[in-house]
Number of protein chains: 6
Amino acid sequence: MRNDGRANNELRPVMMDKDYIKHPEGAVLIAVGDTKVICTASIEERVPPFMRGQGKGWITAEYSMLPRATEQRTIRESSKGKVTGRTMEIQRLIGRALRSVVDLSKIGERTIWVDCDVIQADGGTRTASITGAFVAMVLAFGKLLETKAIKQMPVSDFLAATSAGIDEKEGALLDLNYAEDSAASVDMNIVMTGSGEFVELQGTGEEATFSYQQLQTLLELGNKGVTELIGIQKEVLGELAKLIK
Amino acid sequence: MRNDGRANNELRPVMMDKDYIKHPEGAVLIAVGDTKVICTASIEERVPPFMRGQGKGWITAEYSMLPRATEQRTIRESSKGKVTGRTMEIQRLIGRALRSVVDLSKIGERTIWVDCDVIQADGGTRTASITGAFVAMVLAFGKLLETKAIKQMPVSDFLAATSAGIDEKEGALLDLNYAEDSAASVDMNIVMTGSGEFVELQGTGEEATFSYQQLQTLLELGNKGVTELIGIQKEVLGELAKLIK
Amino acid sequence: MRNDGRANNELRPVMMDKDYIKHPEGAVLIAVGDTKVICTASIEERVPPFMRGQGKGWITAEYSMLPRATEQRTIRESSKGKVTGRTMEIQRLIGRALRSVVDLSKIGERTIWVDCDVIQADGGTRTASITGAFVAMVLAFGKLLETKAIKQMPVSDFLAATSAGIDEKEGALLDLNYAEDSAASVDMNIVMTGSGEFVELQGTGEEATFSYQQLQTLLELGNKGVTELIGIQKEVLGELAKLIK
Amino acid sequence: MRNDGRANNELRPVMMDKDYIKHPEGAVLIAVGDTKVICTASIEERVPPFMRGQGKGWITAEYSMLPRATEQRTIRESSKGKVTGRTMEIQRLIGRALRSVVDLSKIGERTIWVDCDVIQADGGTRTASITGAFVAMVLAFGKLLETKAIKQMPVSDFLAATSAGIDEKEGALLDLNYAEDSAASVDMNIVMTGSGEFVELQGTGEEATFSYQQLQTLLELGNKGVTELIGIQKEVLGELAKLIK
Amino acid sequence: MRNDGRANNELRPVMMDKDYIKHPEGAVLIAVGDTKVICTASIEERVPPFMRGQGKGWITAEYSMLPRATEQRTIRESSKGKVTGRTMEIQRLIGRALRSVVDLSKIGERTIWVDCDVIQADGGTRTASITGAFVAMVLAFGKLLETKAIKQMPVSDFLAATSAGIDEKEGALLDLNYAEDSAASVDMNIVMTGSGEFVELQGTGEEATFSYQQLQTLLELGNKGVTELIGIQKEVLGELAKLIK
Amino acid sequence: MRNDGRANNELRPVMMDKDYIKHPEGAVLIAVGDTKVICTASIEERVPPFMRGQGKGWITAEYSMLPRATEQRTIRESSKGKVTGRTMEIQRLIGRALRSVVDLSKIGERTIWVDCDVIQADGGTRTASITGAFVAMVLAFGKLLETKAIKQMPVSDFLAATSAGIDEKEGALLDLNYAEDSAASVDMNIVMTGSGEFVELQGTGEEATFSYQQLQTLLELGNKGVTELIGIQKEVLGELAKLIK
């Protein structure tokens, strides 16, 4: 039995609270169990210097945690004066994932800034961020459609992410919470589309390794989780969901 | 008439959501109109180097805004690699204000880290932060009392803050929202205690000045606002409120 | 009796040495007791990016202390690689105060850089900086008038600053020196104009509070001090003083 | 046909020049095609603060490129004053990979600093770094064995890494050079052990996705490449290789 | 004729104002022509970590310029967040020069912090800094002698510095002012002792070179200048001067 | 006898490996004894902002050491987030030296970036860097000649550097290795041209001084060393050498 009573292939309860914050073009508070992330999408009417004049847009993501999102207070990155390697890894991952399902040539010379701010952390903050960020981004594209700034939804498929891992006792588990993540010997983050394609796969054996067979089991769990998450995204997005693909 | 229909001496609706975040020793989400701040208090079982061995504690505060708390997205301070002057001013103010009503010699060699993270901004973020931070701090002291780590509530009085300002057309106004704050020629932040003493007074004429008479009016408005805010703090704190003083 | 023999409402001896440094457009060495600050004003023929094309100018201030201006040597901010919160607070205050008495639309698209470098510190460095910075700025405007770069003195009033504070034994004191400042329970910085209006008011109870009545006394002391300081500014500025207002 | 005449499942020529640099405890220059990396392992007789007193060691890695390792000169990270996200990702990956095959409890309270400095880059610098870093690390452990500072080789298995990717025209390719990497729609880094277990798997569709079937093909290529690389490591390590496992 | 009427082998007027600043253990304002530097020496009762437990002291120097010491305002190094290469070169030079005439084993485990802050610059700021820093340092040692913290003056010889350079028209010149320095094709800084030994020699042809014969002429000028500067140091130091050597 | 068997006036064995790295316009691996430096020259088709529109080019240099180039591992400057004073001094010296023999008006509005990366250090890294950098730079100019981007070799003379020093026992020594450098009381870096002119002379007595006579001996040794180094440069540069002067 898992520490919160779930079956091994069961996601934690998922909640998405649309328009949680009033200023952004797209905003959602996503909760996956006790992990809570404010995801916002902001539209800037220009692209970074290296992309100017190509008639294409850009999507970039930033990720952060409130100092007391965690059990022990963490020092702010602004106080340290630099962003940690972990943060950089995560924000690069979120941006790459979102870009894989968007046709950048259809959004004009605009930058979509996606901000994922974890206000409470209990494992899986990066995958919850991706799942919520997708919703915030689609909402922002909805605003651009409304004002006729763009002609069609530039998103080719749904996108969500979850984790799976191997616990030496429990076996393969879907959607690890913090306690499970700390105990797991293998941890895999799986980002997939609505049509079941992989976008990103990051499997890590921290001071451990994993076999080809274990890999297959983790992929299967991930597939199940992502399918359920995309179901929830569709509900939250309502009419906008129908414009995707 | 004010842009949101309030009387000149009226506060915006105030809401305090206790224990909004699960990990911290004290936590509250405070909303003053559309300004929303997550305030948390974290206990660290040691003091900064310059205070060691004196048998006293310390209280320090940090303040930040989510990038899209504002109408236009602001660049993260962690990306810039440094904390702005405005942020420093505010966090020094919050810390100083809290320390004025706490007997540091009664909390042991502990540091209380108070974090104020603005998730939505509409004027008055620093005063809402102080008002919420006081509640989070008292909740944290409540935890120390529960575990008998301290013997009595070390807080000598209530503490809250609000702003008042002068609009050339509307006259003196209590609790400015963002639009009012931008238009005001004079802006005053007033931090007061439950017994009506001043803790901090910061009046600024941005490219303007103000007379002795105007100052008196602003102080009166501030006094009214703080009194009401402290009323709400008492409700939220319940039994703990009775231990103060 | 105060530690330097002054009456409670008495300023320390004030000296302003005009053109102390040869390169700047305006320069003064101000001494208030043992506090000595080199104030310079430099004219740059452009404004910061956010102000371009508005036909207006800008005034900005920087403040620093020599490492051994203080009793104990302080580490240079350049060695630390960052400016402290205290420095930022002070330089923002100086800039704001100066801008409150200048009509920025009359100085063309120019930036006035005001530098206040404390070479010896004995309390009140920020208020001495404001008082000296005003003189340096007016001298620089004098240069612009001489070369007919501007048509009239853009300064609407005199501006000076002093401190007042409350000592638990001595009572309310004007113009605190370092020893007095360290002992005071309440400290107030008062920036006022020649016509007796307030520009900035910063009252702080460091681990203490103050009453409405005490506030009135502090304001009265501040008013007396500023009036005397402006008298000295007029002497130092000579003919230029007559062009103000 | 690939641009350098290789079969799709063929590695580039691999060369490892042991003891290339004289000071380090372990050093190798690895060349994989035109990609050349100086890998060194340095022994420090203490561990980082968070690990002290546990009787265990630590392995950490740093990665950098000479400014002109690349076709266009890149700005030094020391000049920029910060390490880029890409660098952090890579050095975290190298460290994690190495730690997965070492029993840290057998190396005493020592830190092994592994430095991978790319002097010429032509794709696959991170996988070449891992493959070379493993050799440098084993050489350093050899030194510790010689001086009897440790009793047995603490390395449980061989470790090497390569990349595989999908080119829309050429299909699945092993060990991408820079031109191939730039053109590929999917890129996978595969870190495996001598016994065929996975250590790390990072598959990324940059603005693209990949199917379950494509994943299987990439894993197969990776397996073949890693097996060959480990063969070369064994030759280079000679007698030391026999102590592994 | 030189632009200020001096003979080619003539120093500018030199002035040293002892105890210019009240807090430091040693302080002097040195003026060499229009170049003015506040030099202070501060005693810290410990040495940097790398020197602890050796029974020896350390001397270190810092150098800075006020932003408007120069004709054009320079950006503060604290605002830039880093010390420039030029500043580092100069402060390393000053420290090295001072250490060459002090017996560090005779000053106990103390650090002498020498600060050279240029308040007005007109060429030769680094050599004026060395000449003034020597005086400030000796004054600080005087304080240690007074309090019997040390038993004898630990300074083995006098130390001063000047510059010499070659102007294509004027020939070899002693003690270049700013205009001369800008025009010179060769610039040499010469640091010498009272007994005519060299401590530091830095000759630079900026986009030019110099012959062996020119070098001899520059050395001769430097020797003359240093001899005169040391004469002035002796006057300023009075009784303390007699304790040297 | 010197620790490596050389005569006092003998250079260490010198080797220059041309085109060691494939991407740069000019590249050489220089070895002086066990000191090994990769020197590259990169051409950028623009100049820094302060030089634009003058029709002239610029030459700038950067210097770094691999962390384990030294006996003890050194922390990377990118990890520290700043370049040390020593590094800045060296890279400024290299740039200045190269510019002294190049007619910048003949290279068009281009920047030559010279990178000197020490992969193994055994004393004399800065002088080896200059000697190698000169070769890399001439090779890069050769590329510009080939493509007819410039019309003639803009280099007026050869340029090389070596060190000489005084050991209290051994006397004056040419080309100090690390052990000798650590023991020497005086250290001089000498940069000279093919026609025997000085470009830069930096003599330092670290906690020591040196006489006029000693200076003459060091200059003589330097002259001998530089002459031999230029002989080797000529061989390596082959036909290109004939275009110089």
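Residues numbered from 1 in each chain as written. Chains lettered and ligands numbered in written order. Predicted model: local features only at pLDDT ≥ 70, side-chain atom pairs only at ≥ 80, totals over all residues. Heavy atoms only, no water.

Chemist: Just checking my understanding: could you explain the relation of the copies chain F and chain D for this structure?
Modeler: You can overlay chain F on chain D at an RMSD of 0.0 Å; the transform is a turn of 180 degrees with a shift of 0.0 Å along its axis. Taken together, the rotation angle and the small translation identify this as a two-fold axis. Both copies contact each other with a shared surface, as 100% of the interface residues of chain F are interface residues in chain D too. (Least-squares fit on C-alpha atoms with pLDDT ≥ 70 in both. Contact = heavy atoms within 4.5 Å.)

Chemist: It is not clear to me how helix H3 (residues 125-146) of chain E should be interpreted in this structure. Could you clarify?
Modeler: All names here are of chain E. Counted at 1.5 Å a residue, the expected span for H3 with its 22 residues is 32 Å, and the 31 Å between its end C-alpha atoms agrees. For H3, the tally of buried residues reaches 20 of 22 residues, placing the bulk of the element in the interior. Lys 148 lies just past H3 and shows a positive phi near 60 degrees. (Helix = DSSP H or I, 4+ residues; strand = E, 2+ residues; numbered from the N terminus. Expected span 1.5 Å × (residues − 1). Buried < 20%, exposed > 50% of the residue type's maximum accessible area, 1.4 Å probe, protein only.)

Chemist: Please clarify how the side chain of Glu 200 of chain C should be interpreted in this entry.
Modeler: Mapped onto the secondary structure, Glu 200 of chain C falls in strand S9 (residues 198-205). Among the residues examined, Glu 200 of chain C registers a relative accessible area of 1% and is labelled buried. Side-chain polar atoms of Glu 200 of chain C contact the side chain of Thr 204 of chain B, separated by 2.8 Å. Within the structure, the side chain of Glu 200 of chain C is placed 2.5 Å from the side chain of Arg 96 of chain C, a separation counted as a polar contact. When sequence neighbours within four positions are dropped, the list of residues in contact with Glu 200 of chain C reads Gly 203 and Thr 204 of chain B together with Leu 93, Arg 96, Asn 189, Ile 190 and Val 191 of chain C. (Polar contact = N/O pair within 3.5 Å; in protein donor to acceptor, adjacent residues only side chain to side chain.)

Chemist: Before we go on, may I ask you to explain the interface of chain F and chain D in this structure?
Modeler: Interface extent is often summarised as the accessible area lost during association of the parts. Chain F puts 35 residues into the contact, and the matching count from chain D is 35 residues. Counting the surface lost from both chain F and chain D, the interface buries some 2,900 Å², and carbon and sulfur atoms represent 47% of this. For the pair chain F and chain D, the interface holds 14 salt bridges. For the salt bridge of Glu 62 of chain D with Arg 73 of chain F, the shortest nitrogen-to-oxygen distance reads 3.1 Å. (Buried area = accessible area lost by both parts, 1.4 Å probe. Salt bridge = Lys/Arg side-chain N within 4 Å of Asp/Glu carboxyl O.)

Chemist: I tried to follow the confidence of the model for chain A on my own but got confused; where do I start?
Modeler: Detailed reading of predicted coordinates is not advised where the pLDDT is low. Taken over all residues, the pLDDT of chain A has a mean of 96, while the share at 70 or more is 100%. As scored by the predictor, the complex reaches a pTM of 0.88 and an ipTM of 0.94. (pLDDT = per-residue confidence, 0-100.)

Chemist: Would you take a moment to explain the UniProt feature "binding site: phosphate" (unreviewed entry) in chain A for this structure?
Modeler: Within this numbering scheme, the UniProt entry marks Arg 86, Gly 124, Thr 125 and Arg 126 of chain A as carrying the feature "binding site: phosphate" (unreviewed entry). Across 41 residues of sequence, these annotated residues stay compact in space, with a maximum C-alpha separation of 13.3 Å. A residue is classified by how much of its surface remains accessible, and Arg 86 of chain A, at 28% relative accessible area, is partly exposed. Setting aside chain neighbours within four positions, we find Arg 86 of chain A in contact with Tyr 63, Met 65, Thr 125 and Arg 126 of chain A together with Arg 92 of chain D. Here the side chain of Arg 86 of chain A touches Tyr 63 of chain A through a polar contact of 3.2 Å, side chain to side chain. (UniProt positions renumbered as here; feature names shortened; annotations may be inferred.)

Chemist: Looking at this model, I keep getting lost on the environment of Glu 109 of chain A. Mind explaining?
Modeler: All names here are of chain A. Mapped onto the elements, Glu 109 comes out in the loop between helix H2 (85-99) and strand S5 (111-120). The class of Glu 109 is partly exposed, set by a relative accessible area of 29%. Taking the C-alpha atoms as reference, Glu 109 lies 5.1 Å from Lys 56; in sequence the two are 53 residues apart. In this view, Glu 109 contacts Glu 45, Arg 46, Val 47, Met 51, Arg 52, Gly 53, Gln 54, Gly 55 and Lys 56; residues no more than four positions away in its chain are not counted. Engagement of the side chain of Glu 109 in a polar contact is seen with the backbone nitrogen of Gln 54, the distance being 2.9 Å.

Chemist: Looking at this structure, I do not really get the layout of surface pockets. What am I missing?
Modeler: Picture a little ball the size of a water molecule; that probe, rolled over the atoms, points out where space is still empty. Roughly 450 Å³ of internal volume is contained in the second largest pocket. Considering the residues around the second largest pocket, the lining is formed by 20 residues, among which Arg 73 of chain A together with Ile 43, Glu 44, Arg 46 and Trp 113 of chain B are closest to the centre. For the lining of the second largest pocket, a count of residues per class yields seven nonpolar, five polar and eight charged. (1 Å grid on protein atoms, 1.4 Å probe; cavity = no way out; pocket = protein on both sides within 12 Å on 5 of 7 lines; lining within 4 Å. Points joined across faces, edges and corners; volume = space filled by probe spheres on them. Nonpolar A, V, L, I, M, F, W, Y, C, P; charged D, E, K, R; others polar.)

Chemist: Please clarify how helix H5 (residues 212-237) of chain D should be interpreted in this entry.
Modeler: In an α-helix, one turn spans 3.6 residues, which is why side chains three or four residues apart end up on the same side. Between its first and last C-alpha, H5 of chain D extends 37 Å over 26 residues, near the 38 Å set by a 1.5 Å rise per residue. Positive phi shows up at Gly 238 of chain D, right after H5 of chain D, with a value of about 55 degrees.

Chemist: Explanation requested: the relation of the copies chain B and chain C in the structure shown.
Modeler: Superposition of the two copies of the chain requires a rotation about an axis and a shift along the axis. Aligned on chain C, chain B shows an RMSD of 0.0 Å; the corresponding rotation is 180 degrees and the shift along the axis is 0.0 Å. Take the interface residues of chain B: 100% of them recur as interface residues in chain C, which is what a same-surface contact looks like.

Chemist: Honestly, the pattern of salt bridges in this entry has me stumped. Any pointers?
Modeler: Any two side chains of opposite charge can pair, on the condition that their charged atoms come close. This structure, assessed with the given rule, holds 120 salt bridges over all chains. Put simply, Asp 122 of chain D and Arg 12 of chain D hold a salt bridge, and the shortest N to O gap is 3.9 Å. Of this pair, Asp 122 of chain D sits in the loop between strand S5 (111-120) and helix H3 (125-146) while Arg 12 of chain D sits in the segment before strand S1 (14-18), and the two are 110 residues apart along the sequence. For the residue pair Asp 122 of chain D and Arg 12 of chain D, the accessibility class agrees, reading buried in each case. A salt bridge links Asp 175 of chain E to Arg 6 of chain E; the shortest N-O distance between them is 3.6 Å. With a gap of 169 residues between them, Asp 175 of chain E in the loop between strand S7 (171-174) and helix H4 (178-183) and Arg 6 of chain E in the segment before strand S1 (14-18) connect regions that are remote in the sequence. Arg 6 of chain E matches Asp 175 of chain E in its accessibility class, with the two residues each being buried. A network of salt bridges, in which partner residues are shared, links Arg 2, Asp 4, Arg 6, Arg 12, Asp 122, Asp 175 and Glu 180 of chain A.

Chemist: Can you help me understand the sheet that holds S1 of chain D in this one?
Modeler: Residue and element names in this part refer to chain D. If you walk across this open sheet you meet the five strands as S1-S2-S3-S5-S4, and the pairing is mixed. In the strand order of this sheet, the two ends are held by S1 and strand S4 (58-65), each with one partner. Direction aside, neighbouring strands of the sheet carry axes that sit 20 degrees apart on average. Looking at chain direction, S4 and S5 are connected through eight bridges and run parallel. Along S5, the bridge assignment pairs Glu 62 with Asp 115. Sitting on the sheet, helix H2 (residues 85-99) touches S4 and S5, and the angle it makes with S4 is about 145 degrees. In the packing of H3 onto the sheet, contacts are made with S1, strand S2 (26-32), strand S3 (35-44), S4 and S5, and the angle to S3 comes to roughly 35 degrees. (Pairing = 2+ DSSP bridges. Axes fitted to C-alpha atoms, helices over the stretch in contact; angles between N-to-C directions.)

Chemist: Quick question: what am I supposed to make of the environment of Glu 207 of chain D here?
Modeler: For Glu 207 of chain D, the location among the structural elements is in the loop between strand S9 (198-205) and H5. As for Glu 207 of chain D and Val 186 of chain D, which are separated by 21 residues in sequence, their C-alpha atoms are 8.8 Å apart. Beyond its immediate sequence surroundings of up to four residues, Glu 207 of chain D is in contact with Trp 58, Arg 99, Ser 100 and Leu 104 of chain A.

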